[in-house]
Every structure is written in C-alpha cells, then in structure tokens.
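# Coordinates in review
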Amino acid sequence: MHEAGIAAGVLELAERVAADRGPGICVRTVRVRVGEFTGVAVEALEFAFESLRTHTRCEDAVLEVERVPLLGLCPNCGWTGPPAEPYCLICPHCGQPAQILSGRELEVDYVDIEGSEEHHGASAG
Amino acid sequence: MERVPVETRILKSNDDYAQANRRLFRQRGITAINFMSAPGAGKTSVLEQTLRQLDGAFHPAVIEGDLYTTLDADRIQAIGVPAYQITTGTCCHLDARMISRAICEFPLHGIDTLCIENVGNLVCPAEFDLGEDLRVMVYSVVEGAEKPRKYPLMFHQSHAVLLNKVDLVPYAGVSIQELEDNVLAVNPNAAIFPVSCRTGQGLSNWIDWLTRSLDLLRAPAVASGCV
Ligand SMILES: Nc1nc2c(ncn2[C@@H]2O[C@H](COP(=O)(O)OP(=O)(O)OP(=O)(O)O)[C@@H](O)[C@H]2O)c(=O)[nH]1
Ligand SMILES: [Mg+2]
Ligand SMILES: [Zn+2]
C-alpha cells in the first residue's frame, strides 16, 4: 500500500541528480535495490513509478529493480546463508538467534542520465 | 549517457526526520514507544489498560494515528491522559514528519513517556522509523498462528509482541505455542506476552516488562531551556 510513497522517494532522489546537472538533463534508468525482507511489492512499486513519473525528468526512465536476497549470519557459530525456512532467523546449525546480513535494502543504487537535445531546443525557443 | 552513483536509502528523508525526533526526545527526557498492529488487534485497548496500570511515577501522553477519526484519542482522553490526534487521510502509516509536526503543536511539558498508536495496518508502519525507542506490536490471536510467517516484517521489527485476545482462544482454536514459535522464528529476540484486554490476563507481565524497559531507557533531561 505504501509503494506510492516509496516510488515518490525514488523519483525525488533521481530528479535531484538530474536537476543538479542542469536544465535539459533527463533520466534514462533508475536502478533500485529492494531487499527480500522489506514490505515492498515490486510490481506495485513499478506501477506507482510509472504513474508518478509523467512530467518529470524521469518521464522516459526505466525502473530497474534488483532484488536482494535475505541472508543471515550467526554471531555464535559463524554460519551465513539463506534461511532454512522463509524469513526464519534462527541459526539452522546451532539454534541461536541470527543477524541479518542482507535483505533489508531499500535504496537507489544509481541513475543513468542523458542531456536531451530536444529539451534544450524547447527551452531555448 | 552517464552513470551517477546514488547509493541512498529511499526513505532517507523519513530517516532524517526520525533522527531529529529522536534527538528532541532525548533532550527532553522522553521515551517514545511505537504501537503497531493490523486494524482492530487491540492497540487502543492495550493503551487504555497499560496507562491505567502504569506506575504513577511515569507521566505519559499519547499520539494517535488514524485515517479519518478522533475516536481513539477520545478514548485515551477519557481516562485522563493527554492525547493528540493525527488524521492521515489516505496514508496507511505514520511517518516521522507527521510526528515531528505533531510534537510542535502538542505540548509535551512534564511528559516522560510518549506512546504513539500507529495506523492499523499489518505491513506499512514497520518500514517507517518515527524516532521511537521501543516498538511494540499487538497481534490478535484469532487471526491465526501462521501470520508471523506470512507478514514477518512487523513481528521482526518489534521489541515486544503482545498476543492479545487470548480469552478467545477456546473459540478460535489457535495454538498459542505454535504462534509463539512462529514469532520467535522471525524475531528470536522478541519479548512475547499472551494477554487479554477483556479479562486482564497476562497484562501484569507485560507491564512489568514495560516498566523495566522504560527505567533502563529513561535518560535525564538535558536542556531546560527548550520550548
Ligand atoms: N475479546 C476480546 N476483545 C478485545 C480484546 N482487546 C480488544 N478487544 C476488542 O477488539 C476491538 C478492537 O479493539 P481496539 O483496541 O479498538 O483495536 P485497535 O487496534 O486500536 O483498532 P484500530 O485503531 O481501529 O486499528 C474492540 O471491539 C475491543 O473491545 C481482548 O483482549 N479480547
Ligand atoms: Mg485504535
Ligand atoms: Zn549458529
């Protein structure tokens, strides 16, 4: 349900990068990293991004989503790996509580930007 | 085409507000608790019971998050505790900015314990740091024993999980043991309390835990000159 807010956050970060480079710069790709252990549904995020990007510098941008798997780390015995059962954070080797190594990511990794002749022309004329 | 590294949390702006809230709470000697649950699991009922039974040495206030109504804030005020209502409209969770605005308007003089009731929702609130010291989840046992596996994030993020409405176990046919095991699988460090706000069962264990946690967290107020 909050994917709209997440998509707005993605757009805001990408827009800022393009705006910092000056007028006529637009965004071609936005690469985000979404951990498996977040409350974000990827399809809903893509849909929200597509509906919010109109009239922004991301109008033609592709949203690329990298899914980051949930990996655990056991401070007791040193085990690392994916959980034995979905989202289970009990160490499968020694039964002690495990920590999260990855899977909570919710970040913009990079953006690809490009100067657009069209926009230059339009704003000059 | 140029590739520009960003490497920034999407919720960075929320996190920044949360950090500012946390600093302000610390300055004023306030411990903040974020109560989360699916709609109707019993957050307001838990607050009513807890605030009635909490040691008089604590000075609590409540911020209520609700989509449209002030009903929950009215319930809290009815037991003599100051309450401030945030109506979020269509937003299904509280965020740190809403809290930051609320604490500008809501006088916190003499308050040392701020309880925040989040909007009823089993998924979204867990992703938004409000600047709280403690996260408490209320779960209604009638929803079944498998939910921690299906909606793990909020269970994982919470310091304490209250398994509420245990008076209904005979009708719901749910196994509390199985439910507890599932909570511990996604959050091996959770403090778990089976309780009933209807009968009062189990509440004293929860309140003992809360009192101990508040005592540990309670920091002396630093600045005296703040508004
Ligand atoms: N049988 C039983 N009913 C309960 C218990 N605790 C709460 N209720 C009932 O459950 C309903 C919802 O309780 P609330 O405290 O309003 O729940 P809430 O989580 O604050 O609800 P929202 O703020 O609307 O999401 C009310 O009708 C309560 O009387 C309990 O321990 N046992
Ligand atoms: Mg309520
Ligand atoms: Zn281990």
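On to the overall build of chain A. Helices and strands together make up the secondary structure of chain A, namely three helices and six strands. Secondary structure elements of chain A occur, N-terminal to C-terminal, as α-β-α-β-β-β-β-β-α. By the compact-globule yardstick of 14 Å for 125 residues, chain A is too spread out, its C-alpha radius of gyration being 19 Å. With respect to the principal axes defined by its C-alpha atoms, chain A has extents near 70 × 25 × 15 Å. Within the span of chain A, comprising 125 residues, buried residues form 43% of the whole. Within chain A, contacts between residues separated by at least 24 positions form 75% of all contacts whose residues are at least 6 apart in sequence. By element, 51% of the accessible surface of chain A is carried by carbon and sulfur atoms, the whole surface being about 6200 Å². Of the side-chain charges in chain A, 9 are positive and 20 negative, and the distance between the mean point of each set is 4 Å.

The subject of this paragraph is the pairing of strand 2 (residues 31-36) of chain B. Residues and elements named next belong to chain B. Burial analysis of strand 2 places six of its six residues in the buried class, which makes it a mostly covered element. Judged by which residues are buried, strand 2 turns out to be covered on both faces: Thr31, Ile33 and Phe35 on one side and Ala32, Asn34 and Met36 on the other are all buried. Examined bridge by bridge, strand 2 and strand 5 (residues 113-117) share five bridges and lie parallel to one another. Counterpart to Thr31 in the pairing with strand 5 is Thr113. Here four bridges tie strand 2 to strand 6 (residues 134-140), and the two strands are oriented parallel to one another. Residue pairing in the sheet places Met36 in a bridge with Met137 of strand 6.

Six octahedrally arranged donors around a metal ideally form angles of 90 or 180 degrees; four tetrahedrally arranged donors ideally form angles of 109.5 degrees. Residues and elements named next belong to chain B. Within the protein, the atoms that donate to the magnesium ion (ligand 2) are Thr44 (OG1), Asp72 (OD) and Glu117 (OE), at distances of 2.1 Å. All donors to the magnesium ion (ligand 2) come from one chain, and their sequence spacing reads T-x27-D-x44-E. Of the two residues, Thr44 is situated in helix 2 (residues 43-53) and Asp72 in helix 3 (residues 71-78); the sequence distance between them amounts to 28 residues. Note on Thr44: relative accessible area 5%, which makes it buried. Among the residues examined, Asp72 registers a relative accessible area of 13% and is labelled buried.

On to the packing of aromatic side chains. Residues and elements named next belong to chain B. For the coordinates displayed, the defined rule picks out seven aromatic pairs over all chains. A ring pair is formed by Phe35 and Trp206, whose centres lie 6.3 Å apart and whose planes are at 85 degrees; its orientation type is edge-to-face. Here Phe35 is found in strand 2, whereas its partner Trp206 is found in helix 9 (residues 203-217), with 171 residues between them in sequence. Here Phe35 and Trp206 have matching classes, each one buried.

This part takes up a nonpolar patch on the surface. Residues and elements named next belong to chain B. Taken together, the side chains of Val142, Leu168 and Tyr171 present a nonpolar region at the surface, about 310 Å² in accessible area. Counting through the fold element by element, Val142 comes out in the loop between strand 6 and helix 5 (147-150). What makes Val142 partly exposed here is its relative accessible area of 36%.

In this section: the site of ligand 1. Residues and elements named next belong to chain B. Around ligand 1 there are 19 residues in total, and Lys43, Thr44, Ser45, Asp167 and Cys197 lie nearest to it. When ligand 1 is considered free in solution it has 650 Å² of accessible area, and contact with the protein chains removes 74% of it. Among the secondary structure elements, those contributing two or more residues to the shell around ligand 1 are helix 2 and helix 3. Sort the elements by how many residues they give to the shell around ligand 1 and helix 2 lands first, with three residues.

Turning our attention to the coordination of the zinc ion (ligand 3). Residues and elements named next belong to chain A. Looking at the zinc ion (ligand 3), one finds its protein donor set to be Cys74 (SG), Cys77 (SG), Cys91 (SG) and Cys94 (SG), positioned 2.3 Å from the metal centre. Between the four donor atoms coordinating the zinc ion (ligand 3), the angles at the centre fall across 103 to 117 degrees, so the site counts as tetrahedral. Within one chain, the residues serving as donors to the zinc ion (ligand 3) are arranged as C-x2-C-x13-C-x2-C.

Glancing now at helix 2 (residues 42-52) of chain A. Residue and element names in this part refer to chain A. Those residues of helix 2 lying buried are Val42, Leu45, Ala48 and Phe49. Projected down its long axis, helix 2 carries its buried residues within an arc of 125 degrees, all on one side. Those residues of helix 2 that are exposed and angled more than 90 degrees off the buried face are Glu43 and Phe47.

We now examine unusual backbone geometry. Residue and element names in this part refer to chain A. In this model, His55 sits at a positive phi of 65 degrees, which is unusual for a non-glycine residue. With respect to the helices and strands, the residue His55 is situated in the loop between helix 2 and strand 2 (62-68). A positive phi is found at Tyr87, a non-glycine position, where the angle reads about 65 degrees. Tracing the sequence through the fold places Tyr87 in the loop between strand 4 (80-81) and strand 5 (99-102). Residue classification places Tyr87 among the partly exposed positions, given a relative accessible area of 21%.

The next point concerns the packing of helix 1 (residues 3-20) of chain A against helix 2 of chain A. What describes two packed helices is the angle between their axes and the distance between those same axes. Residues and elements named next belong to chain A. The contact between helix 1 and helix 2 brings their axes to 8 Å, and the two run at 55 degrees. When the axes of helix 1 and helix 2 are compared, the pair comes out oblique. Judged by the twist between their axes, the crossing of helix 1 over helix 2 is right-handed. Each of Glu3, Ala4, Ile6, Ala7, Ala8, Val10 and Leu11 in helix 1 lies in contact with helix 2, whose residues at this interface are Ala44, Leu45, Ala48, Phe49 and Leu52. Taken together, the residues of the contact of helix 1 with helix 2 sort by class into 11 nonpolar, no polar and one charged.

The rules we used
- Residues numbered from 1 in each chain as written.
- Chains lettered and ligands numbered in written order.
- Predicted model: local features only at pLDDT ≥ 70, side-chain atom pairs only at ≥ 80, totals over all residues.
- Heavy atoms only, no water.
- Helix = DSSP H or I, 4+ residues; strand = E, 2+ residues; numbered from the N terminus.
- Rg over C-alpha atoms; globule rule 2.2 N^0.38 Å.
- Buried < 20%, exposed > 50% of the residue type's maximum accessible area, 1.4 Å probe, protein only.
- Contact = heavy atoms within 4.5 Å.
- Areas by Shrake-Rupley, 256 points an atom, 1.4 Å probe, with all protein chains shown as cover.
- Lys, Arg positive; Asp, Glu negative; His and termini not counted.
- Charge placed at Lys NZ, Arg CZ, Asp CG, Glu CD.
- Pairing = 2+ DSSP bridges.
- Donors = N, O, S within 2.8 Å, 3.2 Å for Na, K, Ca; no water.
- Phe/Tyr/Trp six-rings, centres within 6.5 Å; stacked < 30°, edge-to-face > 60°.
- Patch = residues over 30% accessible without salt bridge, like charges linked within 9 Å, V, L, I, M, F, W, Y side chains within 5 Å.
- Salt bridge = Lys/Arg side-chain N within 4 Å of Asp/Glu carboxyl O.
- Near = heavy atom within 4 Å.
- Tetrahedral: all angles 85-135°; square planar, octahedral: opposite > 155°, others 65-115°.
- Arc of directions from axis to C-beta.
- Axes fitted to C-alpha atoms, helices over the stretch in contact; angles between N-to-C directions.
- Parallel < 35°, antiparallel > 145°, perpendicular 65-115°, else oblique.
- Left-handed = near helix turned anticlockwise from the far one by under 90°.
- Nonpolar A, V, L, I, M, F, W, Y, C, P; charged D, E, K, R; others polar.

Don't take any of this as a statement about function, it's just geometry.
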